[in-house]
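# Fold and contact review
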Amino acid sequence: QVQLGESGGGLVQTGGSLRLSCAASGRTFSPYAMGWFRQAPGEGREFVARITWNGGYTFYANSVKGRFTISRDITKNIVYLQMGSLKPEDTAIYFCARKGSPTDEYDGWGQGTQVTVSS
């Protein structure tokens, strides 16, 4: 069974940057896509970005487009989320998840990593 583990969160000032990592372990890892999501206090889980595993095609939420970049290292089974120009409203727990096929739901949710942006 594939397990996902997020890391790289922390406290950063407005305008700062962070890079999150999501490492996959377990059996052979070959998803259709990987996604990053976030959940702010008292809010539902929000889609942030997605990347297809084989082609590297990316898609972003409008709220992060131009500021965040998703990438992956298929040799290490790691997905990254480079976050820049951070705003207080980016404060949330960030999660990664896998999508087995275009029609599958996301699964394999990790524990998440906290990102806090101070004003």
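Throughout what follows, the structure given in this document is the object of discussion. Since this is a predicted model, take the numbers as computed values, not measurements. (Residues numbered from 1 in each chain as written. Predicted model: local features only at pLDDT ≥ 70, side-chain atom pairs only at ≥ 80, totals over all residues. Heavy atoms only, no water.)

### Details of unusual backbone geometry
Working note: non-glycine residues mostly have negative phi, and peptide bonds are mostly trans. The backbone of Asn 77 shows a phi angle near 55°, a positive value even though the residue is not glycine. By the secondary structure assignment, Asn 77 is in the loop between β7 (68-73) and β8 (78-83). Asn 77 gets classed as partly exposed once you look at its relative accessible area, which sits at 22%. Phi is positive for Ser 85, close to 50°, though the residue is something other than glycine. (Helix = DSSP H or I, 4+ residues; strand = E, 2+ residues; numbered from the N terminus. Buried < 20%, exposed > 50% of the residue type's maximum accessible area, 1.4 Å probe, protein only.)

### What about the sheet that holds β8?
One open sheet accounts for four strands, arranged β1-β3-β8-β7; its pairing is antiparallel. With one partner strand each, in any of the chains shown, β1 (3-7) and β7 form the two edges of the open sheet. Averaged over all neighbouring strand pairs, the angle between strand axes comes to 15°, with direction disregarded. In the sheet, β7 pairs with β8 via six bridges, with the strands oriented antiparallel. Within β8, the residue paired with Ile 70 across the bridge is Leu 81. (Pairing = 2+ DSSP bridges. Axes fitted to C-alpha atoms, helices over the stretch in contact; angles between N-to-C directions.)

### Topic: the state of the cysteines
One pass over the structure, following the stated rule, counts one disulfide. Disulfide pairing places Cys 22 opposite Cys 96 at an S-S distance of 2.0 Å. An S-S torsion of about 65° defines the bridge between Cys 22 and Cys 96 as right-handed. Of this pair, Cys 22 sits in strand β3 (residues 18-25) while Cys 96 is found in strand β9 (residues 92-99), placing the two residues 74 residues apart along the sequence. On the basis of relative accessible area, Cys 22 is assigned to the buried category, the value being 1%. (Disulfide = S-S within 2.5 Å.)

The analysis is restricted to geometry; functional conclusions fall outside its scope.
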